[in-house]
2 protein chains.
Amino acid sequence: MPPEPIDPIRPTDDEARALARRLLSEARHAALGVIEPETGGPFVTRVAVGWDGGAALVLVSTLSQHTRALRAEPASSLLLGEPGPRGDPLTHPRLTLLTRAEPADKAVHRASWLAQHPKAGLYYDFADFLMLRLAVRSAFLNGGFGKAFRLRPEDLRPPAGAA
Amino acid sequence: MPPEPIDPIRPTDDEARALARRLLSEARHAALGVIEPETGGPFVTRVAVGWDGGAALVLVSTLSQHTRALRAEPASSLLLGEPGPRGDPLTHPRLTLLTRAEPADKAVHRASWLAQHPKAGLYYDFADFLMLRLAVRSAFLNGGFGKAFRLRPEDLRPPAGAA
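Residues numbered from 1 in each chain as written. Chains lettered and ligands numbered in written order. Predicted model: local features only at pLDDT ≥ 70, side-chain atom pairs only at ≥ 80, totals over all residues. Heavy atoms only, no water.

## Here's the deal with the nonpolar core
The nonpolar side chains of soluble globular proteins are, as a tendency, buried together. Threshold: The definition of a nonpolar core used throughout is a set of buried Ala, Val, Leu, Ile, Met, Phe, Trp, Tyr and Cys residues joined through side-chain atoms within 4.5 Å. Residue burial is assigned from relative accessible area. The probe radius is 1.4 Å, only protein chains are included, and a residue is buried under 20% of its type maximum, exposed over 50%, and partly exposed in between. Runs of E in the DSSP output that reach at least two residues are strands. Runs of H or I that reach at least four are helices, and both are numbered from the N terminus. Here, two residues are considered to be in contact whenever any of their heavy atoms come within 4.5 Å of each other.
Leu78(A), Leu95(A) and Leu97(A) are the most contacted members of the largest nonpolar core, which has 35 residues in total. Counting residues per element, this core draws most heavily on strand E7 (residues 129-142) of chain A, which supplies 6 residues. Apart from residues no more than four positions distant in its own chain, Leu78(A) is found in contact with Ala30(A), Ala31(A), Leu32(A), Val47(A), Val49(A), Ala56(A), Leu95(A), Thr96(A), Leu97(A) and Leu134(A). With 34 residues, the next largest nonpolar core counts Leu32(B), Ala69(B), Leu80(B) and Leu132(B) among its residues.

## What about the relation of the copies chain A and chain B?
Our working definition: C-alpha atoms of residues with pLDDT of at least 70 in both copies form the basis for the least-squares superposition of the copies.
The transformation that overlays chain A on chain B combines an axial shift of 0.0 Å with a rotation of 180°, and the residual RMSD is 0.0 Å. In the structure described here, the two chain copies are related by an operation that fits a two-fold rotation axis. Interface overlap between copies is the fraction of interface residues in one copy that are interface residues in the other; for chain A against chain B it reaches 100%, indicating a shared surface.

## Some remarks on the interface of chain A and chain B
To keep things clear, this is the line we draw: Buried area: the accessible area, evaluated with a 1.4 Å probe, that two parts lose upon being put together, summed over both parts. Salt bridges are identified by distance alone: a Lys or Arg side-chain nitrogen within 4 Å of an Asp or Glu carboxyl oxygen. Polar contacts, as counted here, are pairs of nitrogen or oxygen atoms within 3.5 Å of one another; within protein the pair requires one atom able to donate a hydrogen and one able to accept it, and residues that are adjacent in sequence qualify only if both atoms are side-chain atoms.
Each side of the interface is counted separately: chain A has 42 residues, and chain B has 42 residues. Taken over both partners, the interface formed by chain A and chain B buries close to 3,300 Å², and the fraction arising from carbon and sulfur atoms is 65%. Summed over the three residues of chain A that lose the most area to chain B, namely Pro42(A), Val44(A) and Arg46(A), the buried surface amounts to 23% of that side. For the interface between chain A and chain B, the tally reads 0 salt bridges. Between the two partners, chain A and chain B, sit 6 residue pairs in polar contact (both at pLDDT 80 or more). Residue assignment for the side of chain A that touches chain B shows that the elements contributing at least two residues are strand E2 (29-35), strand E3 (42-52), strand E5 (75-80), strand E6 (94-103) and E7 of chain A. For the side of chain A that touches chain B, the element with the most residues is E3(A), which contributes 7 residues.

## Quick notes on the pattern of salt bridges
Taken as a whole and judged by the stated rule, the model has 16 salt bridges over all chains. One network of salt bridges, with partners in common, ties together Asp14(A), Arg17(A), Arg152(A), Glu154(A) and Asp155(A).

## Digging into the environment of Phe126(B)
All names here are of chain B. The topology assignment puts Phe-126 in the loop between helix H3 (110-116) and strand E7 (129-142). We classify Phe-126 as partly exposed; its relative accessible area is 43%. Placed 65 residues apart in sequence, Phe-126 and Ser-61 show a C-alpha to C-alpha distance of 9.1 Å.

Any functional reading would require information beyond the geometric quantities listed.
Here it is, written out as structure tokens:
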């Protein structure tokens, strides 16, 4: 019998890419990790997310701690893929994105954001809400025990020819 | 009319403390934020959690990226409080813990862990799974829009006289 592999990361295949893209397209909120300016340690909060081609979009309040943190340090991470009400959270697939925050044009994304987040119409136009683009540097897909994959930004884009 | 307060953090009260303790006691999994050794940026994954008095417990694989990261840098963060299937994720209360990872004795916590995570019996005793204690340095409760509180570790402990 061959020895067990030590590296639990599998070679990326089309099934992994399709699963990652499905998680991205279905996500309406995510856990956002930022670097807390005071301590330099991680800080995780929940944010609403959208998806724009190769990047995540987040609508955040300038009063929030994560926004202040991202302005000081754009390195960030998103965890997507919420378990269903009865699903096992550790076998439910989830996707970690390693991202870098940059400003986005809130006016440009208004219609698509409100289509996915209708309740955000109550505060979308408030001056203290801004949109950030979280450009993906790399990604890590956990499809359940023993199904881990490392993905590149291009793995998250729809395949050529797809709608 | 008085001007709107700029700091959105409210003074901590007993209702906030009780809500935070409820989120802790109900949580079975959480989003864990760590510092990725390669980049120094945040990395968010999902882990199973337990609660032991003043600290969170996590059962992690030594093969996982978050375990490797925590061994290099114990500063970490947990986001607790999953929205229900139809709840609005941004009005559902959630709790961010700022934590520091340290070794825990897996044998000591076996019974209580398996009572809360029965499926973990399949791998709890594997040598490549270890338990870490995430000691709380501070916490941040978001009870919904306009209901943000900063909590100290002692706010998360049951009040004197409680069971």
